[in-house]
Amino acid sequence: MNPPLVTGDMLRAAIPFILLAAGGTVVSLAGAWRSKRGALFAALFLVLAFWKLFPLLDLEKGIELWDGAVVADRMSAFLGGMLLLSGLFALIVSPPVLRREGRNRAEYYGLILFSLSGMVLFVSTTNLLVLFLALELMSIPLYVLSGYNRGDDRSGEAALKYFLLGSFSSAILLYGAALLFGATGTINMAAMTGGDPLLATAGAFLVLTGFLFKMAAVPFHMWAPDVYDGAPTPITSFMATSVKIATFGALLRIFSLAGGAANPFAHILTGENAAKILPWLAVMTMTLGNVCALTQTNIKRMLAYSSIAHAGYLLLGLIPGSGAVDAKGILYYLFAYLLMTTGAFTVVIALSTRDKGREVTGVERYAGIGFRRPFLGIAMAVFLFSLAGIPPTAGFFGKYLLFSGAVHRGLTPLVVVAVLNSALSVYYYLRPVVVFYMRDTDTPVRVDDALSLRVASLAAVVLLIWFGCLPNIGSLPGVPALLHWVGSAAAALP
Amino acid sequence: MESVLFWILSVVAVASAVLTVSRSNPLASALSLTVCLVAVAGLFATLSAHFLFIIQLLVYAGAVMVLVIYVIMLLNLKEREMKALGLSGPRVFVSSLVAVFVVALLARAQSGSGGFDPVSPVLDGSARRVAEIIFTSYVYPFEVVSILLLAAVVGVVVLGMKKF
């Protein structure tokens, strides 16, 4: 007698993915009739997925199915929640932009849902086959979406660049997966032990390279500024946040499997020579990101380099040092990063205009906005302060958790570099604020006053400050719950 | 008998692969690649992976190659542009470096302990066995592939639409 094909456990574990994939299908299909309502349909499925994901946050014991193809535990639930939040922001801020450009098509939202379903899968698997499929499922819609503004050459350039380089990195990851399989005879990373050390380590490094490309870590960052600049701004915001959450979430899971010394990924983390690679990567990534951001006058490019720098800070949490991977710090930082980056891009969306089909996002155009549009000015200031890590914002607290965790693991020199980098970053984060409040021009600036943009940026501001008051007022409602979820998600890892 | 077949097929595969990268005429490259893919399909057949053999012929040597040749046709390269596609010093250097690395890895896999034997009798490549595995233990990845293809199709439609 065969075991039943579908059980309740399976449904419970896979339902967020199923809902998102079904949502993508339905929304794309609905485009044939009601192409104007795409965002609403997509949001419906997203909320449904949220609702089904919520019980998983308190899952006592993780569910593992099909040889690690689906691993549902509190970790994947928390990461999934953040991914859905990022998707929700994208659904909220996209319609005004698409409407004013006359391209409000349902397929756009369908692709966002498809991409989200890939990401949700990506953070909840230890199976190399599913990992690769999920990587493609999250990337392919993003390649298309970054080229969505077909009237703009830069959008097409961004899509082509992202597609070509992304395909190469996928191929590299796949090659690494093949080597890992050849060395160990299994595609479940949780079950990998032994095998030829050279083959296994080479495989693990190639897989890691695929991840580093997706998170835009140096030296695989070259695509990021061009793609972030050329893509439609809501997509830039979505990419910058959700892809980072997905890659760091998946890496957290993979690296925490490396606790057993026989796991191929343990060579990267604890091997004699290899252990030196991650710290160098982190230092190079944060330094290059910050230094390049200093000279940018286009705010989208500046935020792109800033996102590279933040990948560097996050890499710090992946270095075990004398302890283990800092899952708690990374999760909290990702949460803060999600809010502040989405918020900053939302303000950029509200202030952006088009000149002959090209999007104009130069910082100098923002002169005097701070006084003429007090809310936008204050919101942007909060987001940039948070990105720079200035209290009382969640960005500060995220950095504090990440850096103090690293000090406890004996990585003080790295933390010194990271703090110096943060100090450097204050310069370029404050420049837009200076332009906002200290310069003025007579040329009127067009501002998009769409309600959804205001709601999104207001929500981001409130949440950032709410969770930034953490150390003093730990009893604010919601704050202990978030900390509890972060803690229990981190504890769910082996 | 089998080892004779193996050697013939392997020599053909390697030789045509070298031709694929060394020809400056893209059409010659594409045709060499077809030969290479057919030879590899033959290797699958000698390993009694019948399903893979058929798929390799149908999908790669058939459908994918037709697409590749279509793209070459659409690009309509000039004689002068083709010259630039040929082998040059740095390209030969880098690609042989990668080739040496891969060969070294393979040699090590062949001689090293651990891992598994790719031609062990446990592996049965018949269509029945492949179907059994795909629709039981790999049913989830299989469904994910279908979503992935759907997403790709929607993406292509979006990029190809005449106007929004």
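Structural data are supplied above this passage.
Residues numbered from 1 in each chain as written. Chains lettered and ligands numbered in written order. Predicted model: local features only at pLDDT ≥ 70, side-chain atom pairs only at ≥ 80, totals over all residues. Heavy atoms only, no water.

Student: Help me out: how do you make sense of empty space enclosed by the protein in this one?
Tutor: Leftover empty space is mapped by rolling, across the atoms, a probe with the size of a water molecule. Residue and element names in this part refer to chain A. The tally for this structure, following the rule as stated, stands at three cavities of 30 Å³ or more. Approximately 110 Å³ is the volume attributed to the largest cavity. Going through the elements one at a time, helix H1 (8–30), strand E2 (70–72), helix H3 (74–100) and helix H4 (106–122) are the ones with two or more residues in the lining of the largest cavity. Here the lining of the largest cavity gets four residues from one element, more than from any other, and that element is H1. (1 Å grid on protein atoms, 1.4 Å probe; cavity = no way out; pocket = protein on both sides within 12 Å on 5 of 7 lines; lining within 4 Å. Points joined across faces, edges and corners; volume = space filled by probe spheres on them. Helix = DSSP H or I, 4+ residues; strand = E, 2+ residues; numbered from the N terminus.)

Student: Looking at this structure, I do not really get unusual backbone geometry. What am I missing?
Tutor: Excluding glycine, a negative phi dihedral is what most residues carry, and trans is how most peptide bonds are arranged. Residue and element names in this part refer to chain A. Put simply, valine 218 and proline 219 share a cis peptide bond, and its omega is 5°. Topologically, proline 219 is positioned in the loop between helix H7 (197–214) and helix H8 (223–230). In this structure, the amide linkage connecting proline 391 to the following residue, proline 392, adopts the cis form with an omega of 0°. Inspection of the secondary structure assignment puts proline 392 in the loop between helix H15 (374–388) and helix H16 (394–408). In the Ramachandran plot, alanine 216 falls in the positive-phi region, its phi being about 60° despite a non-glycine side chain. By the secondary structure assignment, alanine 216 is in the loop between H7 and H8.

Student: Can you help me understand the packing of helix H12 (residues 299–318) of chain A against helix H13 (residues 327–351) of chain A in this one?
Tutor: For any two helices packed against each other, the geometry is given by the interaxial angle and the distance between the axes. All names here are of chain A. For the pair H12 and H13, interaxial distance at closest approach is 11 Å and the crossing angle is 180°. With respect to H13, the axis of H12 lies roughly antiparallel. Residues Ile299, Lys300, Leu303, Ser307, His310, Tyr313, Leu314, Gly317 and Leu318 of H12 pack against Ile330, Tyr333, Leu334, Tyr337, Met340, Ala344, Phe345 and Val348 of H13. For the contact of H12 with H13, a count of residues per class yields 13 nonpolar, three polar and one charged. (Axes fitted to C-alpha atoms, helices over the stretch in contact; angles between N-to-C directions. Parallel < 35°, antiparallel > 145°, perpendicular 65-115°, else oblique. Contact = heavy atoms within 4.5 Å. Nonpolar A, V, L, I, M, F, W, Y, C, P; charged D, E, K, R; others polar.)

Student: Whenever I open this one, the interface of chain A and chain B confuses me. Can you help?
Tutor: It is common to report an interface's size as the accessible area lost on association of the parts. Listed per partner, the contact involves 38 residues of chain A and 32 residues of chain B. Both sides of the chain A and chain B interface together cover about 3,000 Å² of buried area, and 79% of this is carbon and sulfur. Our count for the contact surface shared by chain A and chain B stands at two residue pairs in polar contact (both at pLDDT 80 or more). Mapped onto the side of chain A that touches chain B, the elements with two or more residues apiece are H1, H4, helix H5 (128–146), helix H6 (153–184) and H7 of chain A. A breakdown of the residues in the side of chain A that touches chain B according to their chemical character gives 26 nonpolar, six polar and six charged. (Buried area = accessible area lost by both parts, 1.4 Å probe. Polar contact = N/O pair within 3.5 Å; in protein donor to acceptor, adjacent residues only side chain to side chain.)

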